[in-house]
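# Descriptive structure summary
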Amino acid sequence: MRIKILGAAAGGGFPQWNCNCFNCAGARNGTIRAVPRTQSSIAVSADDVNWILFNASPDILTQIRATPALQPARVIRDTGIIGIVLTDSQIDHVVGLLMLREGRALEIYCTDAVHEDLTTGAPLFNILKHYCGVNRHPIRTRGDRDFAVTGAESLVFTAVPLRSKAPPYSPHRENSKEGDTVGIRVQDTRSGKVLFYAPGLGEIEPHVAPYLAESDCVLVDGTFWTGDELIQMGISTKPAHAMGHLPQSGGGGMIGVLTSLSRPRKILVHINNTNPILNEDSPERLELSGHGIEVGWDGMEIEL
Ligand code: MLT
Ligand code: MN
Ligand code: ZN
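This text gives an overview of the structure that appears in the document. Computed from a predicted structure; not experimentally measured. (Residues numbered from 1 in each chain as written. Chains lettered and ligands numbered in written order. Predicted model: local features only at pLDDT ≥ 70, side-chain atom pairs only at ≥ 80, totals over all residues. Heavy atoms only, no water.)

## Let's talk about the overall build of the chain
Within the chain one finds 9 helices and 14 strands. A compact globule built from 304 residues would reach a C-alpha radius of gyration of about 19 Å, and the chain, at 18 Å, matches this within 12%. Once the C-alpha set of the chain is aligned to its principal axes, its extents read approximately 50 × 40 × 40 Å. Taken over 304 residues, the chain has a buried fraction of 54%. Expressed as a percentage of contacts within the chain between residues at least 6 apart in sequence, the contacts between residues at least 24 apart total 69%. Accessible area for the chain stands at about 12,800 Å²; split by element, carbon and sulfur atoms hold 53% of it. For the chain, the separation between the mean place of its 27 positive charges and that of its 33 negative charges on side chains is 3 Å. (Helix = DSSP H or I, 4+ residues; strand = E, 2+ residues; numbered from the N terminus. Rg over C-alpha atoms; globule rule 2.2 N^0.38 Å. Buried < 20%, exposed > 50% of the residue type's maximum accessible area, 1.4 Å probe, protein only. Contact = heavy atoms within 4.5 Å. Areas by Shrake-Rupley, 256 points an atom, 1.4 Å probe, with all protein chains shown as cover. Lys, Arg positive; Asp, Glu negative; His and termini not counted. Charge placed at Lys NZ, Arg CZ, Asp CG, Glu CD.)

Here is the structure:
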């Protein structure tokens, strides 16, 4: 299978429109070495023709323009996207659905909790009914968690419930529901190779660890370097854990989790614009490199 990182930044992108933090200002002025990044999404294909979009970022149109494989131009109106898998209902992962309203009904694979958010708190599915329509395919986090995406039969998808946070607008923001956030395991049945994608991951619960360990590549939550990054900068009063993100540094942080894994290639995605790892010359970036942990970028391709 081939994986394309369409957007490696967290909500707001990098640089963020209203932000003058060290990274955003530095990227804008060219005073630091840092590549701009659009908001969080990847695309996966088993045949380089039919692509499954994971999350629909507010930057989806820019991402499609930057990715010719997603526009094969076979007929007057066309797309290479055969289905959309949602890992949660966060704004940075769903707003792009509205940008895809001109085509055929969207084939959307999501949990009941995400479906509930997108028909109540942020009723995008209701809105889309009046445009292209939505064919919703339920994905389960209990019992048999495997699912298939029509048109990509050689891939097996598995939804793994994760501890993170429902979006601020969600009726269950402070009262997490199983399925608010999932990680997705994708196995190519021809090669046996496994990807695990989890852009929102607040805690490594016991049932999650084996999924990370058995993967050939993990693309995981790289939002924050420290738990109090936004507080230190005077940007927010919320620590990372209150937003459902496990920071990289510190005891029990993502670096420790990833360095304990011997098998997978380790790549961070959903990186917030405040995170010092975006600065290619930062000591934090150097530390990651020393651990063999990569920082995802828009246009990055992985073949498994
Ligand atoms: C998150 O990942 O915590 C959210 O996407 C934040 C946001 O809505 O921008
Ligand atoms: Mn996000
Ligand atoms: Zn910033």
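What follows picks up the thread again.
## Examining the coordination of the manganese ion (ligand 2)
Around the manganese ion (ligand 2), the protein supplies Asp92 (OD) and His270 (NE2) as donor atoms, at distances of 2.1 to 2.2 Å. Highlighted residues: Asp92 in helix H3 (residues 91–94) and His270 in the loop between strand S12 (265–269) and helix H9 (283–290), separated in sequence by 178 residues. Judged by its relative accessible area of 7%, Asp92 falls in the buried class. (Donors = N, O, S within 2.8 Å, 3.2 Å for Na, K, Ca; no water.)

## Describing the layout of surface pockets
Summary: where empty space remains is shown by rolling a probe the size of a single water molecule over the atoms. Its boundaries defined by the atoms lining it, the largest pocket holds a volume of some 830 Å³. The wall of the largest pocket is formed by 25 residues, among which Arg77, Asp78, Thr79, Gly103 and Arg104 lie closest to the centre. If you tally residues by element for the lining of the largest pocket, the top one is strand S4 (residues 81–85), at 4 residues. For the lining of the largest pocket, the residue count by class is 13 nonpolar, 5 polar and 7 charged. By volume, the second largest pocket is sized at about 670 Å³. Tallied by class, residues from the lining of the second largest pocket come to 11 nonpolar, 16 polar and 5 charged. (1 Å grid on protein atoms, 1.4 Å probe; cavity = no way out; pocket = protein on both sides within 12 Å on 5 of 7 lines; lining within 4 Å. Points joined across faces, edges and corners; volume = space filled by probe spheres on them. Nonpolar A, V, L, I, M, F, W, Y, C, P; charged D, E, K, R; others polar.)

## With respect to the pattern of salt bridges
Note on pairing: side chains with opposite charge can pair once their charged atoms come close. By the definition in use, this model includes 19 salt bridges. The shortest N-O distance in the salt bridge between Arg265 and Glu294 comes to 2.7 Å. With Arg265 in strand S12 and Glu294 in strand S13 (residues 293–295), this residue pair connects regions lying 29 residues apart in the sequence. Each of Arg2, Lys4, Asp48, Glu301 and Glu303 takes part in a single network of salt bridges with overlapping partners. (Salt bridge = Lys/Arg side-chain N within 4 Å of Asp/Glu carboxyl O.)

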